[in-house]
Amino acid sequence: PCPIEFRTIDGYIVSVVPVPPRPREGRSGVTNGERRAAVRPAAPAGAPLLLSESLQIGKIYSRDDLKRLFGIVDATINNGVFRPAHTASVLLFVTERKTSDRTQYQDRLADDLLYWQGQSSGRTDPLVVEHQARGLELLVFFRTEKYEHPNAAFRYLGPFEYISHSGSQPTSFVLQAREPIGLFT
């Protein structure tokens, strides 16, 4: 596996780039690989990135903001459930009152609990149910309605934990915020 390099702007990680080792010595006698190792963050090489470390709870983010912030080019960020490549994060985009042209999933936030229905196909259900066993964090982006915020953005509510689920196609989940969110809703 290749080591990775984090590129940042104003302290925010904007991309994760594989850095193939090229052990050639420069004039200083230090190899390129040693030079790269000196600028890498403290996380072990190859460790999955936790996007929550670069996000601010309560802040409004559009999908375009997240694309720019993390260098995301995958179009599936437009789905309700998205796992960016090379991360240990699963992003859940939740709209409580959907527009009439969308599937009318029954989603609601009550205090620190999110009652949320997964995708009709159930394809991403294991990411939610098994997130802790897989070492993944569930990050919830919530809005009451599509144009509640400029650019159809969402409020980032932070990491949530799986509590339970029932049914299928779609599965109904109960998730709980790790931190109290009452101030943001």
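Residues numbered from 1 in each chain as written. Predicted model: local features only at pLDDT ≥ 70, side-chain atom pairs only at ≥ 80, totals over all residues. Heavy atoms only, no water.

Q: Got a sec to walk through the nonpolar core? Specific residues and values, please.
A: Ranked by internal contacts, the top residues of the largest apolar core, which has 21 residues, are Leu-92, Leu-114, Trp-116, Val-128, Phe-160 and Leu-175. Put simply, the parts of the chain that give this core at least two residues each are strand E5 (89–97), strand E7 (113–117), helix H3 (125–129), strand E8 (137–145), strand E9 (154–166) and strand E10 (172–177). Sequence-distant contacts of Val-128, defined by excluding residues within four places in its chain, comprise Leu-92, Trp-116, Leu-138, Tyr-162, Phe-173 and Leu-175. Core analysis: the next-biggest nonpolar cluster, separate from the first, contains 16 residues, Leu-49, Leu-66, Phe-82 and Phe-141 among them. (Core = buried A, V, L, I, M, F, W, Y, C linked by side-chain atoms within 4.5 Å. Buried < 20%, exposed > 50% of the residue type's maximum accessible area, 1.4 Å probe, protein only. Helix = DSSP H or I, 4+ residues; strand = E, 2+ residues; numbered from the N terminus. Contact = heavy atoms within 4.5 Å.)

Q: I'd like a rundown of the pairing of E8, residues and numbers included.
A: The buried fraction of E8 amounts to seven of the nine residues, a majority that puts the element mostly inside the structure. Note that E5 and E8 share eight bridges and pair parallel. Within E8, the position partnered with Val-94 by the bridge is Phe-142. Both E8 and E9 contribute to a ladder of five bridges, which runs antiparallel. Looking across to E9, one finds that Val-140 is bridged to Gly-158. (Pairing = 2+ DSSP bridges.)

Q: How would you sum up the pattern of salt bridges? Please name residues and give values.
A: Under the criterion given, the structure shown has five salt bridges. The partner of Glu-130 in a salt bridge is Arg-134, with the nearest N and O atoms 2.8 Å apart. The partly exposed category is assigned to Arg-134, whose relative accessible area is 43%. Residue Arg-178 is joined to Glu-161 by a salt bridge in which the shortest nitrogen-to-oxygen separation is 2.4 Å. Placement of Arg-178 in the segment after E10 and of Glu-161 in strand E9 is noted, with a sequence separation of 17 residues between them. In this structure Arg-178 comes out as partly exposed when scored by relative accessible area, which is 44%. Judged by relative accessible area, which is 16%, Glu-161 ranks as buried. (Salt bridge = Lys/Arg side-chain N within 4 Å of Asp/Glu carboxyl O.)

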